[in-house]
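One letter stands for each residue in the lines below.
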Amino acid sequence: MTAEEAPSPARGLLLSAYVTSLVRPDAPVPGPVRPEIALVGRSNVGKSTLLNRLVGRRALARTSRTPGKTRALNVFTWGEHLYLVDVPGYGWAQASRGDRAGYRKLVEGYLSGRPQLAAVLWLLDLRRDPSPDDAEIGEVLAARGIPALAVLTKADQVPRALRPSRLRAVALALGLEEDACLVTSARTLEGMEELRDSVLAFLA
Ligand SMILES: Nc1nc2c(ncn2[C@@H]2O[C@H](COP(=O)(O)OP(=O)(O)OP(=O)(O)O)[C@@H](O)[C@H]2O)c(=O)[nH]1
Ligand SMILES: [Mg+2]
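Attention now moves to the overall build of the chain. In terms of regular secondary structure, the chain is built from five helices and seven strands. Walking the chain from its N terminus toward its C terminus, one meets helices and strands in the order β-β-α-β-β-α-β-α-β-α-β-α. In the chain, of all internal contacts separated by at least 6 residues, the share reaching a separation of at least 24 is 73%.

So this is what it looks like as structure tokens:
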């Protein structure tokens, strides 16, 4: 077998399956320890939808028009080398004070003290200016030195002519380099190949 034919996680079909839902940030995933790549972002930004597109399954992670659908850390396999973690979204309007405090504990605890956390896909809506919650997550990621890729979602909802200015606005608000942001759409699949390559590159 030549090196080119050798099996590699970047080639072929990576199977994905639901593993578990964690309600504590330090809870172990049952089974082998593997690096975790987490999808983080405000509620309704499209985390669960993007996860499904990434792994090529229609409805593995549950999606909803109603914000706040994902309430625990939902863990999925993707191939045999990593876990994808669908992290509950922040900033949904109807959240009670208790919900917010619980969320903060879970997500900040997860981002701050998880040795298996290899990288974060930080989802931001291309149509919207970042919120104070977005900025706060950005600070946690920077303070902890967590490798992160800014993934801008719902590009299909932004006319092409407006995309550069939207990208600039989001990047500027969060102090990100525009080249370090990946523009995606779960509807048209724009950016999905690059996203897949980026996720696998985090593990290299
Ligand atoms: N037009 C468009 N809609 C999208 C895209 N991605 C997600 N959506 C829609 O956005 C809504 C929210 O998607 P989810 O994937 O459930 O969002 P989430 O970030 O997981 O939300 P929480 O679980 O509440 O944190 C759904 O109605 C999706 O169909 C996209 O790329 N384009
Ligand atoms: Mg979700």
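So, on to the sheet that holds strand β3 (residues 73-78). Pairing is mixed in the open sheet, where seven strands are placed in the order β1-β3-β4-β2-β5-β6-β7. Looking at strand neighbours, the two that pair on one side only are β1 (16-22) and β7 (181-183), the edges of this open sheet. Pairs of neighbouring strands in the sheet enclose a mean axial angle of 25 degrees, with direction left out of account. When β1 meets β3, the two strands line up antiparallel, connected through six bridges. Paired with serine 16 across the bridge in β3 is tryptophan 78. Strand contacts of helix α4 (residues 163-174): β5 (117-125), β6 (148-153) and β7, with the helix running at about 145 degrees to β7, the strand carrying the most contacts.

The backbone phi angle of asparagine 44 is positive, close to 80 degrees, even though this residue is not glycine. On the secondary structure map, asparagine 44 appears in the loop between β2 (36-41) and α1 (47-55). Exposure remark for asparagine 44: the 22 C-beta atoms within 10 Å place this residue in the buried category. In this structure, leucine 189 is a non-glycine residue whose phi angle is positive, near 70 degrees. Inspection of the secondary structure assignment puts leucine 189 in the loop between β7 and α5 (192-203).

With that settled, the discussion passes to the nonpolar core. Leu39, Leu84, Trp122, Leu123 and Leu152 are the most contacted members of the largest nonpolar core, which has 43 residues in total. Counting residues per element, the ones that place at least two in this core are β2, α1, β3, β4 (82-86), α2 (97-112), β5, β6 and β7. Of all the elements, β5 adds the most residues to this core, at six residues. Apart from the residues lying within four places of it in its own chain, the contact partners of leucine 152 are Leu124, Leu126, Leu167, Val170, Cys181, Leu182, Val183 and Thr184.

For helix α3 (residues 132-144), which comprises 13 residues, the first-to-last C-alpha distance of 18 Å matches the rise-based estimate of 18 Å (1.5 Å per residue) to within 8%. Of the residues trailing α3, glycine 145 is marked for its positive phi of about 65 degrees.

Okay, the pairing of β6 next. With five of six residues buried, β6 lies mostly within the body of the structure. Of the strand pairs in this sheet, β5 and β6 are connected by six bridges, and their pairing is parallel. Along β6, the bridge assignment pairs aspartate 125 with threonine 153. The handedness of the β6 to β7 crossover, carried by α4, is right-handed.

Put simply, the chain has an average pLDDT of 88, and 89% of its residues get 70 or more. Between the elements of the chain, mean pLDDT differs from a low of 85, seen in α2, to a high of 98, seen in β6. Contacts for the low-pLDDT stretch residues 1-11, under 50 throughout, to residues beyond four places or in other chains number six contacts.

Parameters and conventions
- Position numbers for residues start from 1 in each chain and track the written sequence from start to end.
- Chains carry letters from A onward and ligands carry numbers from 1 onward, assigned in written order.
- Local features are withheld for residues below a pLDDT of 70 in this predicted model, meaning they are given only at 70 or higher, and side-chain atom pairs are given and counted only at 80 or more; totals for whole chains, interfaces and linings count all residues.
- The numbering of helices and of strands both runs from the N terminus, where a helix is a DSSP run of H or I of at least 4 residues and a strand a run of E of at least 2.
- Contact between two residues is assigned when their C-beta atoms, built from the backbone, lie within 7 Å.
- Two strands qualify as a pair provided DSSP detects at least 2 bridges between them.
- Orientation is described by lines fitted to C-alpha atoms, with helices fitted over the stretch in contact, and by angles between N-to-C directions that extend from 0 to 180 degrees.
- For the exposure call, what matters is how many other C-beta atoms sit within 10 Å of a residue's own: 20 or more marks it buried, 12 or fewer exposed, and in between partly exposed, using C-beta atoms placed from the backbone.
- Note on definitions: a nonpolar core is a set of buried residues drawn from Ala, Val, Leu, Ile, Met, Phe, Trp, Tyr and Cys, linked by C-beta atoms within 7 Å.
- To estimate the expected span of a helix, subtract one from its residue number and multiply by 1.5 Å.
- Orient the strands so they point away from the viewer, and a crossover whose first-strand-to-second-strand path over the helix runs clockwise is right-handed.
- As a per-residue measure, pLDDT reflects the predictor's confidence and takes values from 0 up to 100.

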